[in-house]
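Residues per chain, in single letters:
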4 protein chains.
Amino acid sequence: MKRISFTSDYMEGAHPLIMQRLMETNLEKTPGYGTDAYCEAAKAKIRSACHAPEGEIFFLVGGTQTNATVIDGLLQSYQGVIAAETGHIGVHEAGAIEFGGHKVLTLPHKNGKITAEQIEKLLCDYANDANRDHMVMPGMAYLSQPTEYGTLYSRAELTQISSVCRAHRMPLYVDGARLAYALACPENDVSLADLAALCDAFYIGGTKCGALFGEAVVLPRPGLIPHFFTIIKQHGALLAKGRLLGIQFDTLFTDGLYEKLGAPAMAAADHIRAALRECGYTLCFDSPTNQVFCILDNDTMARLAQKVDFGFWEKYDDTHTIVRFATSWATDMGDVKLLKDALRDAWQ
Amino acid sequence: MKRISFTSDYMEGAHPLIMQRLMETNLEKTPGYGTDAYCEAAKAKIRSACHAPEGEIFFLVGGTQTNATVIDGLLQSYQGVIAAETGHIGVHEAGAIEFGGHKVLTLPHKNGKITAEQIEKLLCDYANDANRDHMVMPGMAYLSQPTEYGTLYSRAELTQISSVCRAHRMPLYVDGARLAYALACPENDVSLADLAALCDAFYIGGTKCGALFGEAVVLPRPGLIPHFFTIIKQHGALLAKGRLLGIQFDTLFTDGLYEKLGAPAMAAADHIRAALRECGYTLCFDSPTNQVFCILDNDTMARLAQKVDFGFWEKYDDTHTIVRFATSWATDMGDVKLLKDALRDAWQ
Amino acid sequence: MKRISFTSDYMEGAHPLIMQRLMETNLEKTPGYGTDAYCEAAKAKIRSACHAPEGEIFFLVGGTQTNATVIDGLLQSYQGVIAAETGHIGVHEAGAIEFGGHKVLTLPHKNGKITAEQIEKLLCDYANDANRDHMVMPGMAYLSQPTEYGTLYSRAELTQISSVCRAHRMPLYVDGARLAYALACPENDVSLADLAALCDAFYIGGTKCGALFGEAVVLPRPGLIPHFFTIIKQHGALLAKGRLLGIQFDTLFTDGLYEKLGAPAMAAADHIRAALRECGYTLCFDSPTNQVFCILDNDTMARLAQKVDFGFWEKYDDTHTIVRFATSWATDMGDVKLLKDALRDAWQ
Amino acid sequence: MKRISFTSDYMEGAHPLIMQRLMETNLEKTPGYGTDAYCEAAKAKIRSACHAPEGEIFFLVGGTQTNATVIDGLLQSYQGVIAAETGHIGVHEAGAIEFGGHKVLTLPHKNGKITAEQIEKLLCDYANDANRDHMVMPGMAYLSQPTEYGTLYSRAELTQISSVCRAHRMPLYVDGARLAYALACPENDVSLADLAALCDAFYIGGTKCGALFGEAVVLPRPGLIPHFFTIIKQHGALLAKGRLLGIQFDTLFTDGLYEKLGAPAMAAADHIRAALRECGYTLCFDSPTNQVFCILDNDTMARLAQKVDFGFWEKYDDTHTIVRFATSWATDMGDVKLLKDALRDAWQ
């Protein structure tokens, strides 16, 4: 019997349209490092989708790399980055931010989110601390949309955070590794144009959202990071055959594919949430996007694991574990049905 | 009227015996970088005081510098250092640890202290985390004795922490910026020899303990940090006229001066604690060493500040502040008496 | 008329067999970060091709990234890497090595190569320097095969360099960005097995040698770099969909493809060299591989540039420039013929 | 018989006036980290001596530390520092610049000096290099006055270099570790005011010039390095008892002491140069300051070393060595006479 997997959202290759374009262009000769026409076309489309006609776009390969490079580009050497204590940069990037010399200044989170008030308080506490010159200066804020827990910032929340950052002349950066799943979520009211208007930098995730790999950094207002190309190279983040990124993002931003891509993932996740509730499982983190979290007692978890692969998120208590089911643009509804059966069977 | 100050324990110069030796030797010619006979003599005395006949001793200039250099020497590039969230390295060293590429892995504290259980749990959680290879590996533990809150680890506590670290083959490092005040404290049962037996590295603070400046790093078992001399130089921490450190520590370790030096500070701090209690002030952190913390309502604080300089530690709530009175080897008992009067006058 | 280009060897996509396999596997689900079966298969084939049954293999995305990560993994924090002054790491990697805290210790080159004698002398000079503890300690040697100038180390030369490094217990690392073109070159006598026997680390270049992207690091003797997976992650160099690298290298190492792949590039380069000599152009650097260098007077260069894209390598003198023609596994012989015509036309 | 030493210029303690002031002020209480009145007074005097009424002054402890901190403060993360290949930062600072992430971009020297033309050419070559965005961007220039070889930049030379730097909007920094010996040299025509006018940053060396330790960084035009205090702390370079530096530099800049201090060193060095010439020794590097270099055949060197300590500078050839005799503000003329005798005796 086929083993089904909901372990993560980067288990498949790329959207078929992307593969087709990569095949069609394979033996073309183009100049390297993102100076080709495919990259130019992709950048134009992204600018347009973001309503950021002056925006600078850079293509990098992966998420940790993008975070480390953008954050190092935005910060002065003596500054740190404000983030939720659950933020990817502080937990699962193997110290890539510290490798660049910067401290992650963590704030307690609620379902993966932090608030404008928390950021304001951190900045005021810093400003009022008699020892502030002996401390790491907060130099930017980092959010993810959706968060590591699948939750979303509303436009109102993001606007408040943006206001605080601007009042303190501090850049705001959003990690959009799973941005397509935010854009496809009915609860979401933050568009690409909103991100461009409210943030100083953000990235549009490709790896988890239909590309083989690749993340598109958007700097809505040009000139924010001088010599960013060189910083990318210095971080080992410059792809020689840059057109591979251009072709992928050009495809993702043709006919609004990126904004539609997440719909099947949302449908699948909604089905899984409904199935969990029906069986009596306890959902957690209140995620409306493609990551579904629930608390399993360890016996149930063991039974379920005989048929399904899923993510072990964190220990809940001595007898329970939080697990994650992730869907993607490529999730097969047949697999979702098998998962529902397995969830029913595992429940006792 | 003379303004009195209890702001910190590094406000005076050096113990008179040190100044005398610096004067006597001033025009001697010695080789640089700690290769002189004074450094050798000081090292021999420190080895003896620590019952560490094979120990390696290195002299550096200041505390932040020493922490950054030792920690960078002990860690592999992908490792972080475990510390209390109040640890000096995580709060008041301006990101010097991150500048070296390392993350500070913080644990909640109790009066500035962390426990063997907490360290054990962090190491087990790391070992059991399926994502551990994507995380910063804990590579050492950092304590301070006394802590930033003036509290002390007992020999029993330190032994437990040492056992956990050794079971996990992870070095234990103790920041002894104020070590003389621990050694002079009646409550203390951790000797220099205990530190040498239980830790892999520690430093004997000079700057706050009778020297003009200088910290003596002790590596009880030789060979722990290969090429540490070069690492010190790389960190800009190698003093050209190294003998200045040798002469100071030779003096501090002649006739047990270092271990006696803290006594006046303890006497002064005990008087201040008694005066605070008598007047009805609320002490906090339960510090038995040379740092005395208490909670003042902001009006009282303002009245007291008209006569006395002290440290503003942290906001307690909207109407109260935690303040610090620090004594030192040089504290004048006349000043203590004036402080007692001022405390009485400020109380209403 | 079709414009022809010999600017570089990373202008096309991937070998058709690779594209076919990527298409076939596109919607499979596999675990991330290189833990999939394709990576395992590719590693087994590389081990076999290298006669390194115990070898550890890691897949990274690009060359600068690979150099920075391997070098940081091999060096202690206070060590530097020995390289030719023309070495890629010292010139065209935007300071990625220094970003990791390490100095590039340069040696004068001859046609891009350095010798065992030079390395021996540098190590002896260091060992004999009274100030060596104030200097960056040489911690490894870096070569490229072929070099940046297209030249090759012979097995005899590599054996001598390897002997010097081993005598000094210092790892030897070879950058094989263009290794397929060395392996396909009739002059070459260094096999993959020789590299595995003589080096401590090397990488088999994919980006310039038939892959879309990707470099395979080979550590012939296991355990050389503890926690290298985490170091890769820390450097932002861990590809989420690691199987993309596995599939590509599995294809490249099936039926000896990698070792045959360079043959068309060699044939094309040989034709170009012959054409240049015939016309009377001055070749330089004596490269036998896929990079052909020649000295053009600037007028000739301008005429040629009207029809052909090529690389401007460096200024030779006020009226001459060194240019590069690079061929690849995908070079079309029709284009070579057009280049020959253009070379003839430009010559006056 | 007394053994005499001319090994270096940091073998003695401090000028007697400094020791006296340190004694007098020893038990005063002052706030830490350079916020005391002695530092303020010293800064005012240095501003005055430099004719830089708006200048910012910072006191650090040692030379390598000062170079690493200032250079890291002046450079963007992706920039490197231009220096002579003999510059202290590239050779004898154990990679402290690379530790901060920056490359040293070296130029060939002549007697330790580089020229405006060389810097201009490096900047033009960089600007014209098609691959410049893949290279380390030159971000500042580093000189030393006097150089590591004891030679001096003339005001004309420094003016030319300053013009090139300003034309390229690139800061110029001068390492003045031995500046007092430049100021005391009759050949010198570069005053403190010239340095302040022509450079963007320089440091006035104390360690080798009459202080126990300490270097005074001068930023003639304020605001050049925002948050430099925090950068100093981050580098572990902030002295807790900052007044020690204030008192020393206040003394050095009272009654022009710093500018007179080098005179005895110059007189001694001139005597040694005359003695060497008289005996027939070969001087080298043409140094007019307190460092005297000469080429000795190894037998002569061995004979001389029986009576005198001096510096082994570098191997000249298989049978000759370049050695250094360094004088200082404290050099005893009796010792110079003994050295002259020894030189005469060793000559055969």
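Please refer to the structure placed before this passage.
Residues numbered from 1 in each chain as written. Chains lettered and ligands numbered in written order. Predicted model: local features only at pLDDT ≥ 70, side-chain atom pairs only at ≥ 80, totals over all residues. Heavy atoms only, no water.

Trainee: Break down the interface of chain D and chain A for me, citing the residues and quoting the values.
Mentor: In many reports, interface size means the accessible area that the parts give up when they come together. In this complex, chain D contributes 17 residues to the contact, which on the side of chain A involves 17 residues. Interface area, chain D with chain A, both sides summed: about 1500 Å², of which 55% is carbon and sulfur. By the criterion of area lost to chain A, the three top residues of chain D are D:Y78, D:H134 and D:T230, representing 37% of everything that side buries. Across the chain D-chain A interface, the total number found is zero salt bridges. At the surface where chain D touches chain A, the tally comes to six residue pairs in polar contact (both at pLDDT 80 or more). If one sorts the elements of the side of chain D that touches chain A by residue count, helix 10 (residues 228-234) of chain D sits on top with five residues. For the side of chain D that touches chain A, the residue count by class is eight nonpolar, six polar and three charged. (Contact = heavy atoms within 4.5 Å. Buried area = accessible area lost by both parts, 1.4 Å probe. Salt bridge = Lys/Arg side-chain N within 4 Å of Asp/Glu carboxyl O. Polar contact = N/O pair within 3.5 Å; in protein donor to acceptor, adjacent residues only side chain to side chain. Helix = DSSP H or I, 4+ residues; strand = E, 2+ residues; numbered from the N terminus. Nonpolar A, V, L, I, M, F, W, Y, C, P; charged D, E, K, R; others polar.)

Trainee: I'd like to hear about the relation of the copies chain D and chain A, residue by residue, with values.
Mentor: Aligned on chain A, chain D shows an RMSD of 0.0 Å; the corresponding rotation is 180° and the shift along the axis is 0.0 Å. Expressed as a symmetry operation, the mapping of one chain copy onto the other fits a two-fold axis. Proximity to the rotation axis, assessed at the C-alpha, singles out D:S77 in chain D; its C-alpha lies 3.7 Å from the axis. Comparing contact sets, 100% of the residues at the interface of chain D also lie at the interface in chain A, consistent with an isologous, same-surface contact. (Least-squares fit on C-alpha atoms with pLDDT ≥ 70 in both.)

Trainee: Summarise the interface of chain A and chain C; cite the residues concerned and give the values.
Mentor: Counting from both sides, the interface comprises 45 residues of chain A and, opposite them, 45 residues of chain C. Across the interface of chain A and chain C, roughly 4100 Å² is buried in total on both sides, 64% from carbon and sulfur atoms. The three residues of chain A that bury the most area against chain C are A:K29, A:F99 and A:K241, which together make up 20% of that side's buried surface. The closest approach of N and O atoms between A:K29 and C:E12, which form a salt bridge, is 3.8 Å. Linking chain A to chain C there are 24 residue pairs in polar contact (both at pLDDT 80 or more).

Trainee: An account of the pattern of salt bridges is needed here, citing residue identities and associated values.
Mentor: Close approach of charged atoms allows side chains of opposite charge to pair. Throughout the structure, instances matching the rule amount to 64 salt bridges over all chains. In this structure, the salt-bridge partner of C:R3 is C:D309, at a minimum N-O distance of 2.7 Å. Linking C:R3 in the segment before strand 1 (4-5) with C:D309 in strand 11 (residues 308-309), this pair joins segments that are 306 residues apart in sequence. The partly exposed category is assigned to C:D309, whose relative accessible area is 28%. Between D:D341 and D:K337 there is a salt bridge, with its nearest N and O atoms 3.3 Å apart. Pair noted here: D:D341 and D:K337 are both in helix 15 (residues 333-346), with a separation of four residues, about one helical turn. Under the relative-accessibility criterion, D:D341 is labelled partly exposed at 24%. Classification of D:K337 as exposed rests on a relative accessible area of 51%. In this structure, a network of salt bridges that share partners links the residues A:R21, A:K45 and A:D250. (Buried < 20%, exposed > 50% of the residue type's maximum accessible area, 1.4 Å probe, protein only.)

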